[in-house]
Amino acid sequence: VQLRLPLLTKTPSGWIKSVLENFDFFLQDHADCERKASAFALSMVAKYPNRQEIIPELIDTALEELEHFREVYRIMEKRGIPLRHEIEEDLYVKKLLQVCRNGREERFLDRLILGSLIENRGAERFRIIYENLNDAELKKFYHNLWAGEAKHGELFVRMALRYFDKEEVMERYKWMVLKEGEIILSIPFSGRLH
Ligand SMILES: [Fe+2]
Ligand SMILES: [Fe+2]
């Protein structure tokens, strides 16, 4: 089974331009995203405590995202960049959540696919970042992150396949990946991850 499901929409070049204009600002947003990714994995544990087969993977994911948060924060500390006090809502994630269905099983599947899509988008954008950065430390960091998030993208698909038919997962992914593309293109570039 193919676990690395592709995104259908490429990030336009305007995005990286907005990021490179103020990379300190990007780092602040990135740190928040990693912390929220960890919280998302834990929220899955809290919402689905009886899905025992995936609890260990969700805990591992939460720890790995927290580790990413620590690594981004270390870079920020070194550069004297503070965490942001006020965190704007992530329109991208908000809109993706609105695409998720409401039935118990449906919502469970959709949230797993949402997890995969967010990871894949993160991987795609971290790759663009490492390809465009000159700073050796940051380049290496974003290269590693790209690989890590791509792995997470596969992990959420694998979790979905434990509970749902391949056909059902693929059909839903195909629909949600289209929506994800519309959503990502609808959000103006703000120098943030999404
Ligand atoms: Fe991460
Ligand atoms: Fe991740």
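Parameters at a glance
Residues numbered from 1 in each chain as written. Chains lettered and ligands numbered in written order. Predicted model: local features only at pLDDT ≥ 70, side-chain atom pairs only at ≥ 80, totals over all residues. Heavy atoms only, no water. Helix = DSSP H or I, 4+ residues; strand = E, 2+ residues; numbered from the N terminus. Rg over C-alpha atoms; globule rule 2.2 N^0.38 Å. Buried < 20%, exposed > 50% of the residue type's maximum accessible area, 1.4 Å probe, protein only. Contact = heavy atoms within 4.5 Å. Lys, Arg positive; Asp, Glu negative; His and termini not counted. Charge placed at Lys NZ, Arg CZ, Asp CG, Glu CD. Axes fitted to C-alpha atoms, helices over the stretch in contact; angles between N-to-C directions. Parallel < 35°, antiparallel > 145°, perpendicular 65-115°, else oblique. Left-handed = near helix turned anticlockwise from the far one by under 90°. Donors = N, O, S within 2.8 Å, 3.2 Å for Na, K, Ca; no water. Disulfide = S-S within 2.5 Å. Tetrahedral: all angles 85-135°; square planar, octahedral: opposite > 155°, others 65-115°.

1. Quick notes on the overall build of the chain
Right, on to step 1. Within the chain, the secondary structure is distributed over seven helices and zero strands.
Right, on to step 2. Traced from its N-terminal end to its C-terminal end, the chain shows the element sequence α-α-α-α-α-α-α.
Right, on to step 3. Since a compact globule built from 194 residues should have a radius of gyration of about 16 Å, the 16 Å found for the chain is in line with a globular shape.
Right, on to step 4. Considering only C-alpha atoms, the chain reaches an extent of 45 × 30 × 30 Å along its principal axes.
Right, on to step 5. Across the 194 residues that make up the chain, the buried fraction comes to 51%.
Right, on to step 6. At a minimum sequence separation of 6, the contacts of the chain that also span at least 24 residues come to 84%.
Right, on to step 7. Computed over 31 positive and 33 negative side-chain charges, the inter-centroid distance for the chain is 2 Å.

2. Structural notes on the packing of helix α5 (residues 104–132) against helix α6 (residues 136–163)
Right, on to step 1. Between α5 and α6, whose axes approach to 8 Å, the crossing angle comes to 160°. Put simply, α5 runs roughly antiparallel to α6. Here α5 runs over α6; the crossing is left-handed.

3. What to know about the coordination of the iron ion (ligand 2)
Right, on to step 1. Taken together, E65 (OE), E119 (OE), E119 (OE), E149 (OE) and H152 (ND1) make up the protein donors of the iron ion (ligand 2), found 1.9 to 2.6 Å from the metal.
Right, on to step 2. In terms of primary sequence, the donors binding the iron ion (ligand 2) are separated according to E-x53-E-x29-E-x2-H.
Right, on to step 3. The metal-metal distance between the iron ion (ligand 2) and the iron ion (ligand 1) comes to 3.5 Å, with E65 coordinating both. Pair noted here: E65 is in helix α3 (residues 55–78) and H152 is in helix α6, with a separation of 87 residues, a long-range link.

4. A few points about the state of the cysteines
Right, on to step 1. What the rule picks out here adds up to zero disulfides.
Right, on to step 2. There is no disulfide at C33, and the cysteine sulfur nearest it, in C100, is 17 Å away.
Right, on to step 3. Its relative accessible area of 6% is what places C100 among the buried residues.

5. Some remarks on the coordination of the iron ion (ligand 1)
Right, on to step 1. The coordination sphere of the iron ion (ligand 1), as far as protein atoms go, consists of E34 (OE), E65 (OE), H68 (ND1) and E149 (OE), spread over 2.0 to 2.1 Å.
Right, on to step 2. Each of the four donor atoms bound to the iron ion (ligand 1) contributes to angles spanning 92 to 141°, and the resulting shape is irregular.
Right, on to step 3. Under the relative-accessibility criterion, E34 is labelled buried at 3%.
Right, on to step 4. On the basis of relative accessibility, which here comes to 10%, the residue H68 falls in the buried class.

6. A closer look at the environment of K166
Right, on to step 1. Residue position: K166 is located in helix α7 (residues 166–186).
Right, on to step 2. Distance in space between the C-alpha atoms of K166 and K139 is 36 Å, their sequence separation being 27 residues.

Interpretation in functional terms is not warranted from these geometric data alone.
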